[in-house]
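Letter by letter, the chains look like this.
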Amino acid sequence: MLSHDRVWAAIDALAERYSLSASGLARRAGLDSTAFNKSKRLSSDGRPRWPSTESLAKIIEATGASLDEFTGLIEGRMAAAPAHRRSVPLLGFAQAGAGGFFDDAGFPAGQGWDLVELPAQSTESSYALQVQGDSMLPLYRNGDVLIVEPGAITRKGDRVVVKTTSGEVMAKVLERQTVKSIALVSLNPDHPDRDIPMREVEWVARIVWASQ
């Protein structure tokens, strides 16, 4: 039976499964950090307050969990054990712009990659980029690790990493992509949005997970 207590317990279990607090899970999903606080689970008059379907969809997407996995947590079929960890190649953003670490399609190549284990859904082609500096605040901080998938389909609103032919590597929100250009919205309001001709884009990879 679907109950208020079980839904909230499943959210807590999902956060624990991916080594996050309830606040960390909310931030990763792009929600207010207090969205899943204990105080938000009841209204001022004591009535149960349910999380929105939009919030649930966002945390499932942000963690890379499946709907069946989340349903299993609600029903108690799955314990909140740590997610399976796998090693993926890791590179800093500064190194990524230097060249020699990727093939023409943006897949890992060459030497110099470290390895990192993260509880994230990933494929054989996934790799990790470590944020350096404050250009991606407030969404990503210095030291955060982004898992990117160069083969994933990108859509408007996706968070992506783009590398230009001049060696610039940036994380932005995809606004529009055509055969002629790509429009990107900056994560940090202090940094400008970009509209880059596709002839100057080396590759685009979707961000599928971020450590925070």
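Residues numbered from 1 in each chain as written. Predicted model: local features only at pLDDT ≥ 70, side-chain atom pairs only at ≥ 80, totals over all residues. Heavy atoms only, no water.

**Brief notes about helix H3 (residues 53-63)**
An α-helix turns once per 3.6 residues; consequently, residues spaced three or four apart project the same way. Heads up, the condition is: Only protein chains enter the calculation, and the probe is 1.4 Å; a residue is then buried if its accessible area is under 20% of its type maximum, exposed if over 50%, and partly exposed in between. Helix and strand labels come from DSSP, where a helix needs a run of H or I of at least four residues and a strand needs a run of E of at least two; each type is numbered from the N terminus. This arc describes the spread of directions from the helix axis toward the C-beta atoms. Residues are treated as being in contact if the distance between any of their heavy atoms lies within 4.5 Å.
Along H3, the positions that sit buried rather than exposed are Ser 55, Leu 56, Ile 59, Ile 60, Ala 62 and Thr 63. Down the axis, H3 shows its buried residues gathered within 165° of arc, on one side only. Away from its buried face by more than 90 degrees, H3 exposes Thr 53, Glu 54 and Glu 61. Where H3 is buried, its residues meet helix H1 (4-17), helix H2 (22-28), helix H4 (67-75) and strand E9 (201-210).

**With respect to the domain arrangement of the chain**
As a measure of interface size, the accessible area lost when the parts come together is often cited. Formally: Residue ranges for the domains trace back to a domain assignment, done automatically or taken from a database. Values labelled buried area give the accessible surface lost by two parts on being combined, using a 1.4 Å probe and summing over both. By convention in these notes, a salt bridge is any Lys or Arg side-chain nitrogen within 4 Å of a carboxyl oxygen on Asp or Glu. What qualifies as a polar contact is a pair of N or O atoms within 3.5 Å, subject to a donor-acceptor requirement within protein and to the restriction that residues adjacent in sequence count only when both atoms come from side chains. Each residue is assigned to one of three groups, with Ala, Val, Leu, Ile, Met, Phe, Trp, Tyr, Cys and Pro labelled nonpolar, Asp, Glu, Lys and Arg labelled charged, and all others, Gly among them, labelled polar.
Assigned domains within the chain: domain 1 (4-75) and domain 2 (87-210). Distance from the C-alpha centre of domain 1 to the C-alpha centre of domain 2: 27 Å. At the interface, 8 residues of domain 1 touch 6 residues of domain 2. Each partner contributes to the roughly 590 Å² buried at the junction of domain 1 and domain 2, and carbon and sulfur atoms together form 36% of this total. Of all residues in domain 1, Tyr 18, Arg 28 and Gly 64 bury the most surface against domain 2, accounting for 57% of the area lost on that side. Across the domain 1-domain 2 interface, the total number found is 0 salt bridges. Inspection of the domain 1/domain 2 interface yields 1 residue pair in polar contact (both at pLDDT 80 or more). The class makeup of the residues in the side of domain 1 that touches domain 2 is 2 nonpolar, 4 polar and 2 charged.

**Overview of the packing of aromatic side chains**
Which entries qualify depends on this criterion: Two aromatic rings from Phe, Tyr or Trp, using only the six-membered ring of Trp, form a pair when their centres are within 6.5 Å; if the ring planes differ by under 30 degrees the pair is stacked, by over 60 it is edge-to-face, and anything between is tilted.
Evaluated as defined, the whole model comprises 6 aromatic pairs. For the pair Trp 8 and Phe 36, a centre-to-centre distance of 6.0 Å together with 70° between the ring planes defines the contact as edge-to-face. Highlighted residues: Trp 8 in helix H1 and Phe 36 in the loop between H2 and H3, separated in sequence by 28 residues. Grouping residues by exposure puts Trp 8 and Phe 36 together as buried. Aromatic pair Phe 102 and Trp 113: ring centres 5.4 Å apart, planes at 85°, arrangement edge-to-face. Of the two residues, Phe 102 is situated in the loop between helix H5 (93-96) and strand E2 (114-118) and Trp 113 in the loop between H5 and E2; the sequence distance between them amounts to 11 residues. This pair shows no difference in class: Phe 102 is buried, exactly as Trp 113 is. Ring-pair connections join several aromatic residues into one group, and the members of that group are Phe 101, Phe 102, Trp 113, Tyr 127 and Trp 203.

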